[in-house]
Amino acid sequence: MRALYPPGSDPDGRAFVLDESEDRPVAGPTRRFRFPHLRLGTWLGVVIMGAALAIACVGPWISIHDPNDFSSTVNAAPSDIHWLGTDDLGQDVFARLIVGTRLSLVLGTVAALVALLAGTLAALFGMASGRIGNLLVFGIVDLIRALPGVLFALALVVAIEPGTTSVVLALGLAFAPDFARITRASYLQEAARPYVAAAFVFGASPVRIALVHILPNITGALVTQFAIILPRCIVLEAVLSFLGLGVSPEYATWGRMIASASSYTEEAPHVLLAPIVALSVLTFAFAMIGDELRRRFDPARRRIMT
Amino acid sequence: MSLQLLKPVVAGLLGLALIISPAVADPKYGGVLKLYWGTLDTTDFHRHTGTISLTHPFAETLTSVSKDGQPKPFLAESWQISSDGLTYTFKIREGVKFHNGDTMTAKDVLANFSRIRAEVKKGWLTSAMEPVDRFEAPDDRTFIVILKTPFSPFLNLIAEAWILSPKSAGWDKTISHPIGTGPFTFDSWTPQVVLKGKKFSDYWMKGKPYVDAVEFDVRELADASLAVRSGDLHGAEVPLSKRNILGEDKNVMLDFRGDTSWYFVSFNNKTPRAPFNDLRVRQAISYAIDKPAILNLSAGESGQLVNQMAAPGNFYYDKAMADADPHRQPNLDKARALLKEANVDPAKVTVRLIGEATDRSVAPIVQMIKRLGFNVENKAYDDLGYQKALSGYEWDIFPGGSGPRNDIFLRFVRLMSDGPNPHLWGGVTDLEFDRLVREASISVDDTKRRALYLAAWQRVIDNYYTVAIGHTPALYAYRKELRDMSIGFNTSAHRADGGIAFAWFDR
Amino acid sequence: MMAQLRGISLGIAAEVLRSFAIAVGIVVLTFFLLRMIPGDVVDVIGLEGALTYEQQANLRAEMGLTRSWGEQFWLWLGMIAGGDFGLSSRFAIPVTQLIGAVLGSTITLGLSALTIGICLGIGLPVLAAIYPRSAFVWLAEAITIWSITVPTFSTGIAAVVVFAVWLGMIPAIGNLSAPALILGIDIAGSIAKILREDMKEIESADFIRTARAKGLSRTRIVLAHILPNAMTVTLALVGLIFSNVLTGAITMEIVFGRPGIGTLALQAIKGRDYPLVQTIIIWLGIAVIIANLVADIAQRFVDPRIRLR
């Protein structure tokens, strides 16, 4: 199962395209590995991502405090013992930030995966089941997109018992429509290509065409979308935690840190700034990587990414 | 006396007048008072669902709870209670006018009480109306209540039986525009945004109120202290944590509410599952809870460590009982010993704990229980969610709190087996406890009543139904230019001996 | 020409029908989803121990909450068909009155943000294209990057801290300029991003080089060729921007303590005020659908490429 047209080449069949940023031709189909020449922004994104992953994996071992250990040194400024100070319960901010990194990445990934699976499967199902199925599935998709994400997620979390499962489910459902639309659009575009017609003429069944020929070619778009939705999941989770409806309170997510710190902005501003900066930096990293992915996978089509 | 002597005397008198005049300055009229003082939940005051902070400015009651928790005359000038405690005779104040110009009589009072008793099937006053046999209004100034059994909290409870004009729109169904006797007329209400009132010129306290109008900000604000410091609000309830910062601000004055909120850790008493039905396990957990630390984290220096529902200063508080509390300091060794004795291995037990999502003291309590070695499943809900979850009784421990009440009876009634919403305390089903509380409520003798309530609470302590951690007050902040403003025993903004009718702007 | 018109009208008709179906879907979905939420308004009333369980049961029967969902649904449908959206179960005030009281505030915020967003989002890229070596290029890039990286939620909180608490420049509660600016920049970024790419693409296209060779001024070229494209793009984005503005407004209202649909909805969900939550979600959903529909129709007329879809 290999893609017939390597990413980066023009859908009309030309051998090479102009790379926007460099204004010189990049060689077409090639299998040799070339060290990726990336823009500064992208490099920053990759480095930050790497750091975040490293922190998430190793972090809990390197911080000296338990993130849930309360103490009587409340709202303390950064010091030798508490590298980023303490919050209103005397908990070490640095330790909580690290746990928050891991939580954000894990929660975000799982939620985005749920969205990916739900969206893609729903889209494929809809497209495969004729006129009515199509209308139904994509009607629901548009319905969910029409509702403001925050309210939708809020209502869902309150409806299902609050906790990690409901948050992940709510986030996944809230973003599934984005994947459904991308799947549908990419699918239709690929299906219009001559090789699909050719395969059909040669007797391949629609299912085989879908799985063997089309799916590999739309993974690029899906991966790009994944990179865009993931940070949105993280932010939405932060908003939910801020409103008091996030995951179980034991988990020190950044949203919860922001919520509790926002009452003490004068006494301990660093406690509020830390998770905000962390959130912004991680979102930046994802955005840069997502941008680069989009540049590689569909430079010609303009996908509206908001 | 010669003119020579007169001059220094007059100068001296003038000087004296200048020195003491700021202290006895005359209140000035005018201004619009902006306050953040709680919220309003309905225009039909008889059907209120728990918030009483903003009703008194518009409609008043026969009695008013003063700062020390005792009922003071308000619309009732005086009252007499028969020696058997069954008959209350109220002398209704003369010359009190409703906002529409009508004079309030005992007949209006009777109409209100009858409406509450007959129409309002939900609400705080249901328990007050239960022991009532009948009402009488033999003349315009006398209102009589005859009870079936004595009921000691009655006078405090009717401080929430607002007297409205029967001509108020919607009297037969749901009042949409309340016409009361209060210092301000009910001008407009945008729910969860703002509540406005205009000065009532015919108010029975002559010369009051001093301000022209009042605007209550009824949004849900986490922290109104900033608005008070910047002058956007003249007075507000503010978080305790801002006590120090506000204390340093020279433009702001601080005040504490009379009645406190109390915090506790309840066990499931209705359907306790092993091992929490073993008293030793409950004792062990109580030894693990670090009460001073919890109080410090939630209330700083304003918290009081008390193992009872009544705080020091309250008539029903008992110092001996408080001193005898073995859990004033945590004792993990003793806790572990008790668990061993009960043959319980905490590592094999998962404690199901329910908490309210924004309650910051839940996390430390979870940690304390974990220190004992238990596993904790911590479920956090929003305001309503946790109440619903608690009433399902699929839990073991609930750390919670409860706010101010006009009478201690309203706190005890929640732990009775047929009480309202007993699930916050695990659904206590103790018939002896019920008996003691009921006897206390019908007792006319203060000393006997106190002893009965204390006996009832001793049962709670001995059986570890709920473990009281302590009490915290509520903090209020006023601008310096707002004079003579105060908060009383409960959250109400207007009382017989203080509140917004007495406040004025010194400009 | 006639064929084209017919094509357009058929397309529009199809879209209208589809939107209507989705609107109906929203109505049904909201109703039943909300009923799934544990806890109802009787719990709110019984909060803090006012009612015994028996009293609560009686009250539920009185309020009609014990009837089957299907029954309740038909009753409610009948009501809204007549324009009556019911009373708030918490305040016993018509839902439409509650929404109306705060709608203006949300619309003000939304419109302000939209205006700032469109002005900056179109203006900066255009200026950047006309003056390719100026600070506008840098500004356009900065706004683009800012909007895709920093979440408005955290910017809002930081803004409250910095400008209200520390600097005292804005009131802590109810400020308009700060959230409007933050949301506006966010919107501007999304628009600017697409426009910048468009412009770069078109820049290098042959006809531009020809025009430049012929001596047309840069400004002329930009305005004549690129601006119309900007319109198309913005129209295409309108639907998305609209729902972004709504979501953004909701979060911003909560963070900045402004009255509005956002805070109203949040309190309504927390207070299990079904009639209010239902009506808000339905109105918002339908508003988004209408916005998308209008944008879609406008696009069909403006952009010849889409006509034949």
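The structure displayed is predicted, hence computed values, not measured ones.

1. Looking at the interface of chain A and chain C
Then comes step 1: Opposite the 33 residues of chain A that make contact, chain C presents 39 residues.
Then comes step 2: If you list the elements that add at least two residues to the side of chain A that touches chain C, you get helix 3 (130-146), helix 4 (149-159), helix 7 (206-242) and helix 9 (269-297) of chain A.
Then comes step 3: At eight residues, the largest contribution of residues to the side of chain A that touches chain C is made by helix 9 of chain A.
Then comes step 4: For the side of chain A that touches chain C, the class distribution of residues is 23 nonpolar, seven polar and three charged.

2. Some thoughts on the packing of helix 5 (residues 95-130) of chain C against helix 11 (residues 261-270) of chain C
Residues and elements named next belong to chain C.
Then comes step 1: Packing of helix 5 against helix 11 brings their axes to within 8 Å, and their N-to-C directions diverge by 140°. Here helix 11 runs oblique to helix 5, going by the angle between their axes. Side by side, helix 5 and helix 11 meet where Leu98, Ile99, Val102, Leu103 and Thr106 of the first sit next to Ile261, Gly262 and Leu264 of the second.
Then comes step 2: Partitioned by chemical class, the residues of the contact of helix 5 with helix 11 number six nonpolar, two polar and no charged.

3. So, the nonpolar core
Then comes step 1: Of all hydrophobic cores here, the largest spans 308 residues; its most connected members are Ala153, Leu154, Leu171 and Ile258 of chain A, Ala236 of chain B together with Ala265 and Ile280 of chain C.
Then comes step 2: Apart from residues no more than four positions distant in its own chain, leucine 171 of chain A is found in contact with Ala111, Ala153, Cys233, Leu236 and Glu237 of chain A.

4. Focus on the sheet that holds strand 6 (residues 132-139) of chain B
Residue and element names in this part refer to chain B.
Then comes step 1: The strand order 4-5-7-6 describes an open sheet built from four strands, whose pairing is antiparallel. The sheet terminates laterally at strand 4 (76-81) and strand 6, the two strands that pair on one side only. Taken over all neighbouring pairs, the strand axes of this sheet differ in orientation by 20° on average, direction set aside.
Then comes step 2: Relative to strand 5 (residues 87-92), strand 4 is paired through five bridges, and the arrangement is antiparallel. Among the inter-strand pairings, glutamine 80 is bridged to a residue of strand 5, identified as threonine 89.
Then comes step 3: Lying over the sheet, helix 2 (residues 106-119) contacts strand 5, strand 6 and strand 7 (142-147), oriented at roughly 160° with respect to strand 6.

5. Remarks on the interface of chain A and chain B
Then comes step 1: Opposite the 17 residues of chain A that make contact, chain B presents 23 residues.
Then comes step 2: Considering only residue class, the side of chain A that touches chain B consists of six nonpolar, seven polar and four charged.

6. With respect to the confidence of the model for chain A
Residue and element names in this part refer to chain A.
Then comes step 1: Across chain A, pLDDT averages 80, with 85% of residues at or above 70.
Then comes step 2: Every residue in residues 1-31 scores below 50 in pLDDT, and together they form 29 contacts with partners more than four places removed in sequence or on other chains.
Then comes step 3: Confidence over residues 301-306 falls short of pLDDT 50; this stretch has twelve contacts with residues more than four positions distant or in other chains.

7. Details of the pairing of strand 7 of chain B
Residues and elements named next belong to chain B.
Then comes step 1: Of the two faces of strand 7, only one is covered, namely that formed by Phe143, Val145 and Leu147; the face formed by Thr142, Ile144 and Ile146 stays uncovered.
Then comes step 2: Where strand 5 meets strand 7, five bridges bridge the pair, whose relative direction is antiparallel. The residue of strand 7 that forms the bridge with threonine 89 is isoleucine 144.
Then comes step 3: Once strand 6 ends, the chain turns through two residues before running back antiparallel as strand 7.

8. Some thoughts on the packing of helix 4 of chain A against helix 7 of chain A
The packing of two helices is summarised by the inter-axis angle and the distance between the axes.
Residues and elements named next belong to chain A.
Then comes step 1: Two numbers describe how helix 4 lies on helix 7: the axes approach to 11 Å, and their chain directions differ by 60°. By the angle class used here, helix 4 and helix 7 are oblique. The element helix 4 and its partner helix 7 pack so that their crossing is right-handed. Touching Gly149, Val150, Ala153 and Val157 of helix 4 are Leu236, Val239 and Leu240, all from helix 7.
Then comes step 2: Of the residues contributing to the contact of helix 4 with helix 7, the split by class is six nonpolar, one polar and no charged.

9. Details of the confidence of the model for chain B
In regions of low pLDDT, the predicted coordinates are not meant to be interpreted in detail.
Then comes step 1: Mean pLDDT for chain B: 91, with 94% of residues reaching 70 or above.
Then comes step 2: For this predicted complex, the interface score ipTM comes out at 0.81, while the overall pTM is 0.84.

10. Focus: helix 8 (residues 254-261) of chain A
Then comes step 1: Among the eight residues in helix 8 of chain A, eight count as buried, and that is most of the element.
Then comes step 2: Residues of helix 8 of chain A that are buried include every one of Trp254, Gly255, Arg256, Met257, Ile258, Ala259, Ser260 and Ala261 of chain A, and no others.
Then comes step 3: Next to the buried residues of helix 8 of chain A lie helix 2 (93-128), helix 7 and helix 9 of chain A together with helix 7 (152-166) of chain C.

11. Considerations on the sheet that holds strand 1 (residues 32-36) of chain B
Residues and elements named next belong to chain B.
Then comes step 1: In spatial order, the strands read 8-9-10-1-11-19-12; together these seven strands make up an open sheet with mixed pairing. Whereas interior strands pair on both sides, the edge strands pair on one side only; in this sheet they are strand 8 (184-190) and strand 12 (252-256). Between one strand axis and the next, the sheet turns by 20° as a mean value, whatever way the strands run.
Then comes step 2: Judged from the six bridges that link them, strand 8 and strand 9 (residues 194-199) form a sheet pairing that is antiparallel. Its bridge partner lying in strand 9, tryptophan 189 is registered against leucine 195.

12. Examining the environment of phenylalanine 433 of chain B
Residues and elements named next belong to chain B.
Then comes step 1: Along the chain, phenylalanine 433 turns up in helix 14 (residues 431-442).
Then comes step 2: For phenylalanine 433, a count of 22 C-beta atoms within 10 Å corresponds to the buried category.
Then comes step 3: Sequence separation between phenylalanine 433 and tryptophan 79 is 354 residues; the distance between their C-alpha atoms is 32 Å.
Then comes step 4: Ignoring anything within four residues of it in the chain, the contact list for phenylalanine 433 reads Leu415, Val428, Ala456 and Arg459.

13. Things to note about unusual backbone geometry
Residues and elements named next belong to chain B.
Then comes step 1: With an omega of -5°, the peptide bond running from lysine 208 to proline 209 counts as cis.
Then comes step 2: Its place among the elements puts proline 209 in the loop between strand 9 and strand 10 (213-217).
Then comes step 3: Following alanine 274, the chain continues into proline 275 via a peptide bond in cis, with omega recorded as -5°.
Then comes step 4: You can see proline 275 is positioned in the loop between strand 13 (261-267) and helix 7 (279-288).

Rules used throughout
Residues numbered from 1 in each chain as written. Chains lettered and ligands numbered in written order. Predicted model: local features only at pLDDT ≥ 70, side-chain atom pairs only at ≥ 80, totals over all residues. Contact = placed C-beta atoms within 7 Å. Helix = DSSP H or I, 4+ residues; strand = E, 2+ residues; numbered from the N terminus. Nonpolar A, V, L, I, M, F, W, Y, C, P; charged D, E, K, R; others polar. Axes fitted to C-alpha atoms, helices over the stretch in contact; angles between N-to-C directions. Parallel < 35°, antiparallel > 145°, perpendicular 65-115°, else oblique. Core = buried A, V, L, I, M, F, W, Y, C linked by C-beta atoms within 7 Å. Buried ≥ 20, exposed ≤ 12 C-beta atoms within 10 Å, placed from the backbone. Pairing = 2+ DSSP bridges. pLDDT = per-residue confidence, 0-100. Left-handed = near helix turned anticlockwise from the far one by under 90°.

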